[in-house]
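Listed below are the residues making up each chain.
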Amino acid sequence: MQRRHLLLSAVALAALSACSGPYTIRSEVSSFGTWPAGRAPGSYAFERLPSQQQEGSRQTELEDAARVALEKAGFKPAADAKSADVLVALGVRVSAQERAPWDDPLWWRWHGNINAWRYGRMGRSYYYPLHYPVDRRYDREVALLLRDRGSSEPLYEARASNDGLTQGDAELISAMFEAALSDFPNTRPEPHAIAVQRIR
């Protein structure tokens, strides 16, 4: 009995360990613009499109998610939009994509049950029923646009995207904003991978 309790305790501890500690969020990033050479990041304030002004608390959550990234890039929050050096516009898009096993070009390697189509050794085939569940994934993208408050000139634009099995939470969106600004003040228009670490 004591050994059983010790075994259950070890399993529980392993489960807790798996749910805590550092983890990595990877995104594809592109950045554009002509941030003036020698210009410090300065202060920032968020600007909202008319449609975003209707979002209320939802838009506030997105702005909170972007603050860490902006401050890591050297920006400081302004007292108000009129005193800010730059205005920051945000965009976030999450879309669901349903993929069936046969959408994968390597679908013949997909592991299913015995009632499904797949090719095995010697070209043998098996049948997957049409009602077999599809794989729902989510495409996620964030974007930031930094404009000079005085002239309204766009100075810097950055985007980050990834996908996964969930819509993601505020922590994931925050990490994506951080990835998007990882090149600042330099730009790299070609998509490139950026990894951001978080701790559960």
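Residues numbered from 1 in each chain as written. Predicted model: local features only at pLDDT ≥ 70, side-chain atom pairs only at ≥ 80, totals over all residues. Heavy atoms only, no water.

**Digging into the overall build of the chain**
1) Next: Looking only at helices and strands, one finds four helices and seven strands in the chain.
2) Next: Listed by position from the N terminus, the elements making up the chain come as α-β-β-α-α-β-β-β-β-α-β.
3) Next: A buried classification covers 32% of the 200 residues belonging to the chain.
4) Next: Sequence separation of 24 or more characterises 73% of the internal contacts of the chain that already satisfy a separation of 6 or more.
5) Next: When the accessible surface of the chain is summed, it comes to about 12,800 Å², and 54% of that surface belongs to carbon and sulfur atoms. (Helix = DSSP H or I, 4+ residues; strand = E, 2+ residues; numbered from the N terminus. Buried < 20%, exposed > 50% of the residue type's maximum accessible area, 1.4 Å probe, protein only. Contact = heavy atoms within 4.5 Å. Areas by Shrake-Rupley, 256 points an atom, 1.4 Å probe, with all protein chains shown as cover.)

**A look at helix α3 (residues 57-72)**
1) Next: End to end, α3 covers 24 Å across 16 residues, agreeing with the expected 22 Å (1.5 Å per residue, within 8%).
2) Next: The sharpest bend along α3 reaches about 30° and sits at Ala-66.
3) Next: Residues Gln-59, Leu-62, Glu-63, Ala-65, Ala-66, Ala-69 and Leu-70 constitute the buried set of α3.
4) Next: Within two residues after α3, Gly-74 carries a phi angle of roughly 105°, on the positive side. (Expected span 1.5 Å × (residues − 1). Bend = angle between axes of the 7 residues up to and from the residue.)

**Let's talk about unusual backbone geometry**
1) Next: With an omega of 5°, the peptide bond running from Phe-184 to Pro-185 counts as cis.
2) Next: With respect to the secondary-structure elements, Pro-185 resides in the loop between α4 (170-180) and β7 (192-199).
3) Next: Here the phi dihedral of Ser-152 falls at roughly 65°; this positive angle occurs in a residue that is not glycine.
4) Next: Counting through the fold element by element, Ser-152 comes out in the loop between β5 (135-148) and β6 (154-164).

**A closer look at the packing of aromatic side chains**
1) Next: Applying the stated criterion across every chain yields a total of five aromatic pairs.
2) Next: The interplanar angle of 80° and the centroid separation of 5.4 Å between the aromatic rings of Tyr-44 and Phe-46 together place this pair among those described as edge-to-face. One exposure class covers both Tyr-44 and Phe-46, and it is buried.
3) Next: A ring pair is formed by Tyr-156 and Phe-184, whose centres lie 5.1 Å apart and whose planes are at 80°; its orientation type is edge-to-face. Within this pair, whereas Tyr-156 is found in strand β6, its partner Phe-184 is found in the loop between α4 and β7, the two being separated by 28 residues in sequence.
4) Next: For Phe-184, a relative accessible area of 12% gives the class buried.
5) Next: Grouping aromatic residues by their ring pairs yields a cluster made of Trp-35, Phe-75, Tyr-156 and Phe-184. (Phe/Tyr/Trp six-rings, centres within 6.5 Å; stacked < 30°, edge-to-face > 60°.)

**Structural notes on the nonpolar core**
1) Next: Counting 34 residues, the largest nonpolar core has Phe-75, Val-88, Leu-144, Phe-177 and Leu-181 as its most contacted members.
2) Next: Mapped by element, the contributors of at least two residues to this core are β1 (22-33), β2 (43-46), α3, β4 (86-99), β5, β6, α4 and β7.
3) Next: The biggest single contributor to this core is α4, with seven residues.
4) Next: Not counting residues within four places of it along the chain, the set of residues in contact with Phe-177 comprises Leu-62, Ala-65, Ala-66, Ala-69, Leu-90, Gly-91, Val-92, Val-142, Ala-143 and Leu-144. (Core = buried A, V, L, I, M, F, W, Y, C linked by side-chain atoms within 4.5 Å.)

**Some points on the pairing of β7**
Strand residues, when the strand is regular, have side chains that alternate between the two faces of the sheet.
1) Next: Taking every second residue as pointing to the same face, the buried face of β7 carries His-192, Ile-194, Val-196 and Arg-198, while none of Ala-193, Ala-195, Gln-197 and Ile-199 on the other face is buried.
2) Next: Pairing between β1 and β7: eight bridges, direction antiparallel. By the bridge assignment, Val-29 is partnered in β7 with His-192. (Pairing = 2+ DSSP bridges.)

**Points about the pattern of salt bridges**
1) Next: Counting across every chain of the model gives 13 salt bridges.
2) Next: Measuring nitrogen to oxygen at the nearest pair gives 2.8 Å for the salt bridge that ties Glu-63 to Arg-48. Taken as a pair, Glu-63 in helix α3 and Arg-48 in the loop between β2 and α2 (50-53) lie far apart in primary sequence, 15 residues in all.
3) Next: Note that Glu-141 is salt-bridged to Arg-93, the shortest N-O span being 2.5 Å. Residue Glu-141 is located in strand β5, and its partner Arg-93 is located in strand β4; the two are separated by 48 residues in the primary sequence.
4) Next: Each of the salt bridges in this network shares a partner with another, and the network as a whole consists of Lys-72, Glu-171, Glu-178 and Arg-198. (Salt bridge = Lys/Arg side-chain N within 4 Å of Asp/Glu carboxyl O.)

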